[in-house]
Amino acid sequence: MKLSEFKDDAALELIADIIEPATEILADPAIKEAFSRSKMAAIKVAIKNHKGAIKEIIARLDGKTPEECHFTALSLPIKLLSMFNDPDLQQLFTSSGQMEDVTACSSASENTKE
């Protein structure tokens, strides 16, 4: 499923479920560097470094738990490409990264105020 297909309570539940694994992936500098080269490079790094987080996101987008989520060597790249090509998911990841930058900046400024 695409991110835009989740509505109302289902959208709230989905975001609550994927925010942590998405942040784990986004916080990895290797992902950012690989993504600047290509989506496939980013997918490779994500698979190697964040297996659990990827499985959690794929499962949740499929309406399953990670334990119920199964894929093959053929279906995994298709699911990952679908996930990485979803413009709404890309937007969520991009804005999540920007929110982290803003939070880090505001925390630093709060710590310097007397």
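These notes cover the structure that comes with them.

Calculation criteria
Residues numbered from 1 in each chain as written. Predicted model: local features only at pLDDT ≥ 70, side-chain atom pairs only at ≥ 80, totals over all residues. Heavy atoms only, no water. Helix = DSSP H or I, 4+ residues; strand = E, 2+ residues; numbered from the N terminus. Buried < 20%, exposed > 50% of the residue type's maximum accessible area, 1.4 Å probe, protein only. Lys, Arg positive; Asp, Glu negative; His and termini not counted. Salt bridge = Lys/Arg side-chain N within 4 Å of Asp/Glu carboxyl O. Polar contact = N/O pair within 3.5 Å; in protein donor to acceptor, adjacent residues only side chain to side chain. Contact = heavy atoms within 4.5 Å.

## A word on the side chain of Asp 86
Stage number 1. Within the secondary structure layout, Asp 86 lies in the loop between α5 (75-85) and α6 (87-112).
Stage number 2. Within the buried set, Asp 86 has no salt-bridge partner at all; the shortest N-O distance to an opposite charge, 5.4 Å, is to Lys 2.
Stage number 3. From its side chain, Asp 86 meets the backbone nitrogen of Asp 88 in a polar contact 3.0 Å long.
Stage number 4. Once residues within four sequence positions are removed from consideration, Asp 86 is found in contact with Lys 2 and Leu 3.

## Some remarks on the pattern of salt bridges
Opposite charge on two side chains allows them to pair when their charged atoms are near.
Stage number 1. One pass over the full model with this rule turns up three salt bridges.
Stage number 2. Of the charged contacts, one joins Arg 37 and Glu 33 as a salt bridge, the two residues approaching to 3.1 Å between their closest N and O atoms. On the criterion of helical spacing, the pair formed by Arg 37 and Glu 33 is a turn pair, its members being four residues apart in helix α2 (residues 29-37).
Stage number 3. A relative accessible area of 55% means that Arg 37 is categorised as exposed.
Stage number 4. Residue Glu 33 is classed as partly exposed on the basis of its relative accessible area, which comes to 42%.
Stage number 5. For the salt bridge of Asp 62 with Lys 79, the shortest nitrogen-to-oxygen distance reads 2.7 Å. Taken together, the residues Asp 62 in the loop between α4 (51-61) and α5 and Lys 79 in helix α5 connect sequence positions 17 residues apart.

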